[in-house]
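Here are the chains, one letter per residue:
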Amino acid sequence: MVRALPFAIYGLVPQPSLEDLNSFGVMAARGSDGTTQTTVALNYTLWHNPDDHDDPANLAELDEVTRESLDQDPPWPRPRWLVEQVERMRYPMLWEVVRTTWTRVPDEHQSLPNQLVQHVNHILMNRFRAELGIPDGPPSGSPGGEPWHARLSAVNPKAHVEVDGHEVDAVEIDTDPFVYGIGAQLSAEIVVTVVIPRADLPLIRLALATRDRHSVLA
């Protein structure tokens, strides 16, 4: 599906602290006349010590139940790819950190600031539930109504970000205590947004590059 997309997707530039998992999330909206919007999200493994992957400093903070479940081998054989995937759960992951969104006919709801706000809130709701005191289940209230929600008023329209080696105009959300968000309008139809936990920012070079879609699942 990703290889067949008619538009470029973007990821963080290659760097020692990040391992591209070749893992994508794809979301699409359809209307009566076909696809109206497609979003591709990228995931990475984060290495605190990229020079030594066996360093315990690289391990994620896991609760005892999760750690015990990873240590137990099931009584049935597992394919190699599944074993490797389970092992990856021992390490911190940047989940859906970069989103590329194509919109066939953009309107105000698909504007760059709106998409950045949506991405920030998506990461907060799914990765910082305990820190924000979010109960299990979907959040109550209307979008933007929760105290922890990022809002359009938090968007700074005078930022910049590197894309394919060139600095481009961007917008950012630099007010949330848990995450930092930045995004750029790369064409009339294409928006790219990035949301990174603040604790991980010192480990990451925040620059983007076109991702080779043809290497997917190679």
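See the structure printed just above.
Residues numbered from 1 in each chain as written. Predicted model: local features only at pLDDT ≥ 70, side-chain atom pairs only at ≥ 80, totals over all residues. Heavy atoms only, no water.

On a plain count of helices and strands, the chain comes out with 4 helices and 9 strands. Dimensions of the chain along its principal axes, counting C-alpha atoms only, are 50 × 40 × 40 Å. Put simply, the chain has 218 residues, and 39% of those count as buried. Considering only residue pairs separated by 6 or more positions, the chain has 63% of its internal contacts joining residues 24 or more positions apart. With the model as given, the accessible surface of the chain reaches about 12500 Å², and the carbon-plus-sulfur share is 53%. When the 17 positive and 31 negative side-chain charges of the chain are each reduced to one mean point, those points stand 6 Å apart. (Helix = DSSP H or I, 4+ residues; strand = E, 2+ residues; numbered from the N terminus. Buried < 20%, exposed > 50% of the residue type's maximum accessible area, 1.4 Å probe, protein only. Contact = heavy atoms within 4.5 Å. Areas by Shrake-Rupley, 256 points an atom, 1.4 Å probe, with all protein chains shown as cover. Lys, Arg positive; Asp, Glu negative; His and termini not counted. Charge placed at Lys NZ, Arg CZ, Asp CG, Glu CD.)

The next thing to look at is the pattern of salt bridges. Scanning the model with the defined rule gives 4 salt bridges in all. A salt bridge links arginine 104 to aspartate 33, with the shortest nitrogen-to-oxygen separation between them at 2.9 Å. Of this pair, arginine 104 sits in the loop between strand E4 (93–103) and helix H3 (112–127) while aspartate 33 sits in the loop between strand E2 (18–31) and strand E3 (34–46); the two residues are 71 residues apart in sequence, bridging distant segments of the chain. You can call aspartate 33 exposed: its relative accessible area is 55%. As a salt-bridge pair, arginine 205 and glutamate 162 come within 2.9 Å of each other at their nearest N and O atoms. Of this pair, arginine 205 sits in the loop between strand E8 (190–197) and strand E9 (207–211) while glutamate 162 sits in strand E5 (residues 155–163), placing them 43 residues apart in sequence. (Salt bridge = Lys/Arg side-chain N within 4 Å of Asp/Glu carboxyl O.)

As a further point, take the packing of aromatic side chains. A ring pair, where both rings are aromatic, is described by two values, the distance of the centres and the angle of the planes. Under the defined criterion, the tally for this structure stands at 3 aromatic pairs. For the pair phenylalanine 7 and tryptophan 102, a centre-to-centre distance of 6.2 Å together with 10° between the ring planes defines the contact as stacked. With a gap of 95 residues between them, phenylalanine 7 in the segment before strand E1 (9–12) and tryptophan 102 in strand E4 connect regions that are remote in the sequence. With a relative accessible area of 6%, phenylalanine 7 lands in the buried category. Geometrically, the ring pair formed by phenylalanine 128 and phenylalanine 178 is tilted, given 5.4 Å between the ring centres and 35° between the ring planes. Taken together, the positions of phenylalanine 128 in the loop between H3 and helix H4 (129–132) and phenylalanine 178 in the loop between strand E6 (166–173) and strand E7 (179–185) put the pair 50 residues apart, joining distant regions of the chain. Classification of phenylalanine 128 by relative accessible area gives buried; the value is 10%. (Phe/Tyr/Trp six-rings, centres within 6.5 Å; stacked < 30°, edge-to-face > 60°.)

This paragraph deals with the side chain of threonine 45. Checked against the element boundaries, threonine 45 lands in strand E3. Overall, the relative accessible area of 2% leaves threonine 45 in the buried class. Excluding residues within four positions of it along the chain, threonine 45 makes contact with Ser17, Leu18, Glu19, Leu21, Arg88, Tyr91, Pro92 and Met93.

A few words on the environment of asparagine 114. Within the fold, asparagine 114 resides in helix H3. A sequence separation of 38 residues divides asparagine 114 from leucine 152, and the C-alpha atoms of the two residues are 6.8 Å apart. Setting aside residues no more than four positions away along its own chain, asparagine 114 makes contact with Glu108, His109 and Leu152. For asparagine 114, the side chain forms a polar contact with the main-chain oxygen of glutamate 108, separated by 2.8 Å. (Polar contact = N/O pair within 3.5 Å; in protein donor to acceptor, adjacent residues only side chain to side chain.)

Of all hydrophobic cores here, the largest spans 29 residues; its most connected members are Leu12, Val97 and Val194. Contributing elements (two or more residues each) for this core: E1, E2, E3, E4, E5, E7 and E8. Of all hydrophobic cores here, the second largest spans 16 residues; its members include Val120, Leu124, Ala150 and Val179. (Core = buried A, V, L, I, M, F, W, Y, C linked by side-chain atoms within 4.5 Å.)

Another point: the pairing of E2. The sheet contact formed by E2 and E3 spans 11 bridges and is antiparallel. When the bridges of E3 are listed, alanine 29 appears paired with glutamine 37. Counted between consecutive antiparallel strands, the loop separating E2 from E3 contains 2 residues. (Pairing = 2+ DSSP bridges.)

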